[in-house]
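Next come the chains, spelled out residue by residue.
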Amino acid sequence: QVQLVESGGGLVQAGDSLRLSCAASGLPFSSYIMGWFRQAPGKEREFVAAITRSGGNTYYRDSVKGRFTISRDNAKNTVYLQMNSLKPEDTAVYYCAARSRILVTTISTEYDYWGQGTQVTVSS
């Protein structure tokens, strides 16, 4: 049984930092591309960042480039999202996702497994 469990969300002020973690189990973690998505109230789920299986390549949506960093520790079956200089528009539920195919994609329906999400709220 595959499980992805996110943690690290919370309520912060604009300019603060948070680090999200996603612990994976039940799958060969190092064989999966990992991604982070987010969904704000009334909006569609959107791509935030992704990392290749070895961690050698990372991808970001434009609005988070330079502020967010995705990383992974294959020995711990965990992917991280370091979020700095947070803005109120970053407020959303953040989800991690796993994709078994080779190529990275920003399309949420192309990911095979999802976590339950963690709330991030940034006050102004």
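Refer to the structure printed above.
These numbers come from a predicted model, not from an experiment. (Residues numbered from 1 in each chain as written. Predicted model: local features only at pLDDT ≥ 70, side-chain atom pairs only at ≥ 80, totals over all residues. Heavy atoms only, no water.)

**Q** Lay out the nonpolar core in plain terms, naming residues and giving numbers.
**A** If you look at the biggest cluster of nonpolar residues, it comprises 29 residues, and the most contacted ones within it are Met34, Trp36, Leu81, Met83 and Tyr94. Sequence-distant contacts of Met34, defined by excluding residues within four places in its chain, comprise Leu4, Cys22, Phe29, Ala49, Ala50, Ile51, Ile70, Arg72, Val79, Ala97 and Ala98. Among the nonpolar cores identified, the runner-up in size contains six residues, and Ile33, Phe47, Ala50 and Ala97 belong to it. (Core = buried A, V, L, I, M, F, W, Y, C linked by side-chain atoms within 4.5 Å. Buried < 20%, exposed > 50% of the residue type's maximum accessible area, 1.4 Å probe, protein only. Contact = heavy atoms within 4.5 Å.)

**Q** Account for the state of the cysteines, with residues named and values stated.
**A** Enumeration according to the criterion identifies one disulfide in this entry. The disulfide that involves Cys22 links it to Cys96, with 1.9 Å between the sulfurs. The S-S bond linking Cys22 to Cys96 shows a torsion near 40°; that makes this disulfide right-handed. One end of the pair, Cys22, is in strand S3 (residues 18-25); the other, Cys96, is in strand S9 (residues 92-99), and 74 residues separate them in sequence. For the pair Cys22 and Cys96, one class covers both residues: buried. (Disulfide = S-S within 2.5 Å. Helix = DSSP H or I, 4+ residues; strand = E, 2+ residues; numbered from the N terminus.)

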